[in-house]
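Chain by chain, the residues:
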Amino acid sequence: MSWTFFKHLWRSQRAKLLIVSVAIFGWSTFLPVIYQSFGSQMKALIDSGVIPKQFTSFGGGDVFSLGGSIALGYIHPISIILVSIFAIGLTTSAVAGERQRGTLEVVLARPLSRRTLYATLFVGVVLFIGIVLAAAIAGTVVGSAASGLLGELAAERLPLLWLNGLLMWGAIAAIGLAASVSFDRLGPAIGVTVAIVVVSYFLEILGSLWPDAQGLQPYSLFHYLAAREVLAGTTDVAGLALLAGVALAAIGWALVEFPRRDLAAPS
Amino acid sequence: MDALTTTALTKRYGHRELPIQRLARRLGRQPSGDVLALDDLSISVTEGEIFGFLGPNGAGKSTMIRLLLGYLHPTAGSATVLGRDIVRDSVEIRRRVGYLPGGIALYDSLTGERLLDYLGELTGRPPTRRAELLDRLEMSARTMRRPVRDYSRGMRQKMGIIQALQHDPELAILDEPTEGLDPLMQRAFYGILDDLREAGRTIFFSSHVLSEVERVCDRVAIVRRGRLVALEDVARLLERRKRNVELRVADGDLPRLEGVPGVSAIARTADGRLTCQLEGDVGPFLAALAGHSIVDLTIEPAHLEEAFLELYEDTEPDDGEPATAAASAGETGEAGEAVA
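Remember, predicted model here, so these are calculated numbers, not experimental data. Residue positions are given per chain, counting from 1 as you read along its sequence in written order. Here the convention is simple: chains get letters from A, ligands get numbers from 1, in the order in which they are written. Local features in this predicted model are restricted to residues whose pLDDT is 70 or higher, and side-chain atom pairs enter the listing and the counts only when it is 80 or higher, whereas totals over whole chains, interfaces and linings include all residues. Hydrogens are left out, water is left out, and the side-chain values use all remaining heavy atoms of the structure.

A.B. asks: Honestly, empty space enclosed by the protein in this entry has me stumped. Any pointers?
C.D. replies: Rolling a probe over the atoms, with the probe sized like a water molecule, indicates the empty space that remains. Residues and elements named next belong to chain A. As defined here, a cavity is a set of points on a 1 Å grid over the protein atoms alone where a 1.4 Å probe fits but cannot get out. A pocket is an open set with protein on both sides within 12 Å along at least five of seven lines, and residues line them when an atom is within 4 Å of a point. Grid points are joined across faces, edges and corners, and a volume is the space filled by probe spheres set on the points. Using the criterion set out here, one finds 3 cavities of 30 Å³ or more in the structure. Each pocket or cavity is described by its volume, and for the largest cavity that value is around 100 Å³. As for the largest cavity, its lining consists of 14 residues, and the residues nearest its centre are Ser28, Gly73, Tyr74, Ser79 and Ala136. Where the lining of the largest cavity is concerned, the elements lending two or more residues are helix 1 (3–47), helix 2 (66–75), helix 3 (77–101) and helix 5 (114–146). Helix and strand assignments come from DSSP, with helices taken as H or I runs of at least 4 residues and strands as E runs of at least 2, each series counted from the N terminus. If one sorts the elements of the lining of the largest cavity by residue count, helix 1 sits on top with 5 residues.

Written out as structure tokens, the structure reads:
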């Protein structure tokens, strides 16, 4: 871990971190309000049979309960895109992007091992994701309070919800960094990472909307982001362990691959 | 003492070897699709000298530098920098070395001052030479407060030089350092190199601008297709190269130069001039002119460029056999003949 490199990373990302945190805070504030305002009407609409029951759950979230609306907020494309700014954008550009631009040359000319560089990047990215997820949880609390729903919220389980999100996005960030250290150009690194995330997301959403495809959900990382279950007190510990395992595998790959790669001159 | 030594250093680019490919290589079969970027290169750079590493694009200059700094891993052979092994002690080497990459890229969003602070902090040594370098390269305090994105190509190159030398490294590895500098700044840079040499610092200088190598370097290694073609003192290299001679006599009685040691390519023109090439000691040539009324005599000074071209012409058809021109600093005298 290099403190100097970490400070540079922090300075270069802090404005972006602030914007993303504010955006996800706002989004998370919004969801309890939707549940409080439209939850009963939506439920009546579903019960009337106008909308097929398959559409009542989107990736494990819904708007018929506080837990469901919070889960919907986590799996919704808006929050996926916001957290991906760090979990995919930063990780893939941190090594492959800097290689392509040529700026990694002057950093690696310093007494900094590649493993130290990687470790600092990983710690930094996980910290940024942790801050963004904390902003999301803060938004949930504020939104619940504003809607008079604070009594329904299992506040003591919020830290576990944060950890669940951190493990899921940490696994994706680890995959992004593993791709980043494996390629000399940003395109392939971002392509591989986005492909993994999109396929994973597609499997989870498809399984949630189409009962015949439910068997595909365990193959998705997003399946283990179980906000509703965490808030209901039925946390799947095996799921959390699996996310940690995926992250560790990607970290292991990067720690082996990065130091032994040849870094040819940037073209 | 040597600041840098390579022993049969070899780098082959290509796909990572599978066990079956490694076995095939051991049995003497060349892996297909590979590029031999550096082949069996052995050189030594003595502490306190300015060493030029010459070759055209693609000759292996950057590969050599990248091996020394740990960006690349050698396929075979070994090397030490400041007494440290390039594979095991790469981090320690980089603590003591300053490096200017060719075509340097910098963080555009940072100001010049912040960039130098950041890179200096990463190096972990105080930037003792920064103020002097900024002054000599005419980078004002106002300029340093501007973001790097506003800098011209020449200013970026100056920043590259400053970041490489600001912590007063024991060894500076400079890849095409004057690229983008105007003639005035080139002169200022040569002055900086002279001062570093006086301070006992070692400079490893890669370039294809031969005039500047001739101007600043004590010794040069010339590489071609990853192989060492020559390694010797710049002065000795110039001494050995053929100078063009043209002379005119008053009465048309041209001297007979055939058989004079060092004289070749003798030609007489219709207007009474004589041209030839002269190599080595000029004594026998001048003796042969004695007694003739010389009206005009021109001997072109030797330039490294011509010596370089001569070496390359001599070694043109070398696709088959590997070079054997490895030589070390201690063998400079013999290395003069080490032309593959």
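A.B. asks: Is there a simple way to explain the confidence of the model for chain B in this structure?
C.D. replies: When pLDDT drops low, the exact placement of atoms in the prediction is not to be read closely. Residues and elements named next belong to chain B. Confidence scores per residue from the predictor, reported as pLDDT, run from 0 to 100. Overall, the prediction assigns chain B a mean pLDDT of 84, with 83% of residues at 70 or greater. Contact definition: two residues touch when any of their heavy atoms are within 4.5 Å. Across residues 317–340, where pLDDT falls below 50, the model places 45 contacts with residues more than four positions away in sequence or in other chains. Complex prediction metrics read pTM 0.84 and ipTM 0.87.

A.B. asks: Please explain the pairing of strand 11 (residues 243–249) of chain B as it appears in this structure.
C.D. replies: Note on strand geometry: in a regular strand, side chains alternate between the two faces of the sheet. All names here are of chain B. Side chains of strand 11 alternate between two faces, with Arg243, Val245, Leu247 and Val249 buried and Asn244, Glu246 and Arg248 left unburied. With 6 bridges connecting them, strand 11 and strand 13 (residues 273–278) associate as antiparallel partners. Across the sheet, residue Asn244 finds its bridge partner in strand 13, namely Gln277. Strand pairing is assigned whenever DSSP detects at least two bridges linking the two strands. Across 5 bridges, the pairing between strand 11 and strand 14 (residues 294–299) is antiparallel. Residue Arg248 lies in a different strand from strand 14, and its bridge partner there is Asp296. For every residue, the accessible area (1.4 Å probe, protein chains only) is compared with the maximum for its type, and the residue is labelled buried under 20%, exposed over 50%, or partly exposed between those bounds.

A.B. asks: Looking at this structure, I do not really get the environment of Ala105 of chain B. What am I missing?
C.D. replies: Residue position: Ala105 of chain B is located in the loop between strand 6 (97–100) and helix 4 (112–123). Sequence-distant contacts of Ala105 of chain B, defined by excluding residues within four places in its chain, comprise Arg101, Gly102, Thr103 and Val106 of chain A.

A.B. asks: In this structure, what is going on with the layout of surface pockets? I would like to understand it.
C.D. replies: By volume, the second largest pocket is sized at about 560 Å³. Lining the second largest pocket we find 31 residues, and of these Ala265 and Pro266 of chain A together with Ser62, Gly102 and Asp175 of chain B sit closest to its centre. Put simply, the parts of the chain that give the lining of the second largest pocket at least two residues each are helix 3 of chain A together with strand 2 (35–46) and helix 2 (61–68) of chain B. With 4 residues, helix 2 of chain B is the largest single contributor of residues to the lining of the second largest pocket. Three classes are used: nonpolar for Ala, Val, Leu, Ile, Met, Phe, Trp, Tyr, Cys and Pro, charged for Asp, Glu, Lys and Arg, and polar for all others, with Gly counted as polar. Looking at the lining of the second largest pocket residue by residue, the class counts come to 11 nonpolar, 12 polar and 8 charged.

A.B. asks: Got a minute to help me understand unusual backbone geometry in this structure?
C.D. replies: For residues besides glycine, phi is generally negative; the peptide bonds are generally trans as well. Residues and elements named next belong to chain B. Positive phi outside glycine occurs at Glu138, with the angle close to 55°. Structurally, Glu138 can be placed in the loop between helix 5 (130–136) and helix 6 (141–144). Located in the positive-phi region is Asp168, a residue other than glycine, with phi close to 55°. Of the residues examined, Asp168 reaches a relative accessible area of 16% and is grouped as buried.

A.B. asks: Which parts of the structure should I look at to understand the sheet that holds strand 5 (residues 84–85) of chain B?
C.D. replies: As a general point, the strands of a sheet are linked pairwise by backbone hydrogen bonds and lie either parallel or antiparallel. Residue and element names in this part refer to chain B. The strand order 2-1-4-5 describes an open sheet built from 4 strands, whose pairing is antiparallel. Of all the strands in the sheet, just strand 2 and strand 5 have a single pairing partner and so form its edges. The pairing of strand 4 (residues 76–81) with strand 5 spans 2 bridges and is antiparallel. Looking at strand 5, one finds that Thr80 is bridged to Asp85. The axes used here are C-alpha line fits, helices contributing only the stretch in contact, and every angle between their N-to-C directions lies in the interval 0 to 180 degrees. Its contacts with the sheet place helix 2 against strand 1 (2–13), strand 2 and strand 4, and it is angled at close to 115° to strand 1.

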